[in-house]
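# Chains, contacts and geometry: an overview
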Amino acid sequence: MKKIVYLLLIFITACGGDIVSDSSTSSNGSGIYTALILSGDYVEKPATSIVLNSNSFSDNTNTLIELAPNASAFVEAKLQPVSVKNASFFEVTSMQKKDFLTTTSCHTSLPYSSCSTTFTYNPSCSGTDFKYLKLQADKSAPVIVTIAGHSDAFADNCSKYQLDNVTLSTDKASHRFTYSGETFYFTLKADKEIPEGFSFSTNGALNGFYYSYSCFAGDNTCSGFAQFLGKVGQFECKGESTVSFKIYADPFSTKGHTPVTITLYGAGTGRDENYSCQMK
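The following refers to the structure shown. (Residues numbered from 1 in each chain as written. Predicted model: local features only at pLDDT ≥ 70, side-chain atom pairs only at ≥ 80, totals over all residues. Heavy atoms only, no water.)

### Focus on empty space enclosed by the protein
Inspection of every chain in the model, using the stated rule, returns one cavity of 30 Å³ or more. Estimated volume of the largest cavity: approximately 40 Å³. Together, Lys 97, Lys 98, Asp 99, Ser 124, Cys 125, Asp 129, Tyr 161, Glu 196, Gly 197 and Phe 198 line the largest cavity. A class-by-class count of the residues in the lining of the largest cavity yields three nonpolar, two polar and five charged. (1 Å grid on protein atoms, 1.4 Å probe; cavity = no way out; pocket = protein on both sides within 12 Å on 5 of 7 lines; lining within 4 Å. Points joined across faces, edges and corners; volume = space filled by probe spheres on them. Nonpolar A, V, L, I, M, F, W, Y, C, P; charged D, E, K, R; others polar.)

Now the structure itself:
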């Protein structure tokens, strides 16, 4: 654990990133997050769904919220069944936009049973604009919260702040880990200027790996890192493992965009056949 913390301190110094590690602290979701110590049991007690609770849902889908200017909404997410206290796998993606103020604890608290998010719509353009939050854990299907706001009070149309046909490239598209705790850093670059105020961040754990990346905090680049933890939930995992994830310039509107694929390889040293590093 000391080696992981030391490596992450080097990353903070070298990259100047916003790294958040306190699971009790809410953030605006635009930073890079340290690896969480997951304690779930994906064989005996996996989460099978994520339930959202809010007084602001606009229809019976329980995923859409429509906000008037300067209005706010509060959303709570909980792992189900209620007996599940910790997740073994998870992924959270949150978007930031110029006209939505978002504060969320989901990047660090969702794997520990529940999290909450507050959305406030402060319009800066005319038309309808959208903001999203995506949550997934263990065997649950992805859950996407959609926040919509509409205003006619500005000269600029909201379409000005939408991304169009952006291609991402990377300096490093794959990595093979040689030991548990090793850290791999990568940088992505967009081929177009990104509109002011648009950014997003993702962090997650899958197949013995942890990854975190943040995109477009004031420029047209993304920075991130991945670690091979050699653990699935609370257990040392066994055998070879790989994970690939595609990163789009807009993770919630991928049409027309060309993504980068990051592929990771590793091998766990666990001995229990029940806890394979590669999720089945």
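### Thoughts on the environment of Ile 65
Among the secondary structure elements, Ile 65 is positioned in strand β4 (residues 64–67). As for Ile 65 and Val 75, which are separated by 10 residues in sequence, their C-alpha atoms are 9.7 Å apart. Non-local contacts of Ile 65, meaning those with residues more than four positions away in its chain, are made with Ser 54, Ser 56, Phe 57, Ser 58, Ala 73, Val 75, Thr 146, Ile 147 and Ala 148. (Helix = DSSP H or I, 4+ residues; strand = E, 2+ residues; numbered from the N terminus. Contact = heavy atoms within 4.5 Å.)

### A short note on the packing of aromatic side chains
On inspection of all chains with the given rule, the structure shows 16 aromatic pairs. Centre to centre, the rings of Phe 198 and Phe 216 are 6.4 Å apart; their planes meet at 40°, and the pair counts as tilted. In this pair, Phe 198 sits in the loop between β13 (183–190) and β14 (199–206) while Phe 216 sits in the loop between β15 (209–215) and β16 (221–228), placing the two residues 18 residues apart along the sequence. Comparing Phe 198 with Phe 216 shows no difference in burial state: the two are buried. An aromatic cluster is defined as three or more aromatic residues linked by ring pairs; in this entry it consists of Phe 184, Phe 186, Tyr 211, Tyr 213 and Phe 245. One residue, Arg 176, lies across the ring of Tyr 265, its end atom 4.6 Å from the ring centre. (Phe/Tyr/Trp six-rings, centres within 6.5 Å; stacked < 30°, edge-to-face > 60°. Buried < 20%, exposed > 50% of the residue type's maximum accessible area, 1.4 Å probe, protein only. Lys NZ or Arg CZ within 6 Å of the ring centre and 35° of its normal.)

### Here we look at the sheet that holds strand β19 (residues 238–247)
Overall, mixed pairing links the three strands, which are arranged β12-β20-β19 in an open sheet. If you trace the sheet from one side to the other, it starts and ends with β12 (174–176) and β19, each paired once. Averaged over neighbouring strand pairs, the angle between their axes works out to 10° when direction is ignored. Examined bridge by bridge, β12 and strand β20 (residues 260–269) share three bridges and lie parallel to one another. Counterpart to Arg 176 in the pairing with β20 is Tyr 265. (Pairing = 2+ DSSP bridges. Axes fitted to C-alpha atoms, helices over the stretch in contact; angles between N-to-C directions.)

These figures capture arrangement, not role.
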